[in-house]
Amino acid sequence: KSVPAQLREILLHPQTIYLHYILNVYTFIIYKYPMKSISLKIDDSIFGETEEILSKISMPRNRYINEALDYYNKIHKRKLLEKRLKVQSELVSRESMKVLKDFEDIDYADESI
């Protein structure tokens, strides 16, 4: 079938191609990152402050909460990693001191010979 010239012109127009690209990306994102619905109870003062900020920055409440949770998760992941590293560092430090003491004992044993 032949596509009429006017329709072909519309379909090949750069804005139409760009629109198709955006729709494909947007659809892909929806399927790749599905959203979960939750019920959330927020203190009145926090809600009021949040609404005031959102009205000034023109951001949807859902996006704002998602970004806030993402940021908070990163902070806590970092704190958990810090705790693990401290524990591991202490273990390595103790083991290093044992090895150092063993080398000192070897040195002192060699001197007594």
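Residues numbered from 1 in each chain as written. Predicted model: local features only at pLDDT ≥ 70, side-chain atom pairs only at ≥ 80, totals over all residues. Heavy atoms only, no water.

The next point concerns the overall build of the protein chain. Helix and strand content of the protein chain: four helices and zero strands. Helices and strands appear in the protein chain in the N-to-C order α-α-α-α. In the protein chain, which comprises 113 residues, the proportion classed as buried is 3%. A total of about 11300 Å² of accessible surface is found on the protein chain, and carbon and sulfur atoms cover 60% of it. (Helix = DSSP H or I, 4+ residues; strand = E, 2+ residues; numbered from the N terminus. Buried < 20%, exposed > 50% of the residue type's maximum accessible area, 1.4 Å probe, protein only. Areas by Shrake-Rupley, 256 points an atom, 1.4 Å probe, with all protein chains shown as cover.)

Evaluation of the coordinates by the stated rule reveals four salt bridges. A salt bridge links Glu52 to Lys56; the nearest nitrogen and oxygen atoms lie 3.4 Å apart. You can see Glu52 and its partner Lys56 sitting in helix 3 (residues 44–57), four residues apart, about one turn around the helix. Since its relative accessible area comes to 46%, Glu52 is described here as partly exposed. With a shortest N-O distance of 3.9 Å, Glu90 and Arg94 are connected by a salt bridge. Of this pair, Glu90 and Arg94 both sit in helix 4 (residues 61–112), four residues apart, which is roughly one turn of the helix. Relative accessible area serves as the criterion here: at 44%, Glu90 is assigned to the partly exposed category. (Salt bridge = Lys/Arg side-chain N within 4 Å of Asp/Glu carboxyl O.)

Time to look at a nonpolar patch on the surface. A cluster of nonpolar side chains, contributed by Ile38, Leu40, Ile42, Ile46 and Phe47, occupies part of the molecular surface with about 460 Å² of accessible area. With respect to the helices and strands, Phe47 occurs in helix 3. (Patch = residues over 30% accessible without salt bridge, like charges linked within 9 Å, V, L, I, M, F, W, Y side chains within 5 Å.)

Take unusual backbone geometry next. In this structure, Ser58 is a non-glycine residue whose phi angle is positive, near 50°. Locating Ser58 in the fold gives a position in the loop between helix 3 and helix 4. Of the residues examined, Ser58 reaches a relative accessible area of 67% and is grouped as exposed.

Looking now at helix 3. Between its first and last C-alpha, helix 3 extends 20 Å over 14 residues, near the 20 Å set by a 1.5 Å rise per residue. One or two residues past the end of helix 3 sits Ser58, with phi positive at roughly 50°. (Expected span 1.5 Å × (residues − 1).)

Glancing now at the confidence of the model for the protein chain. Any segment with low pLDDT has predicted coordinates that should not be analysed in fine detail. The pLDDT averaged across the protein chain works out to 78; a share of 65% of its residues lies at or above 70. At the low end of the mean pLDDT range in the protein chain sits helix 2 (residues 14–32), at 56; at the high end sits helix 3, at 93. (pLDDT = per-residue confidence, 0-100.)

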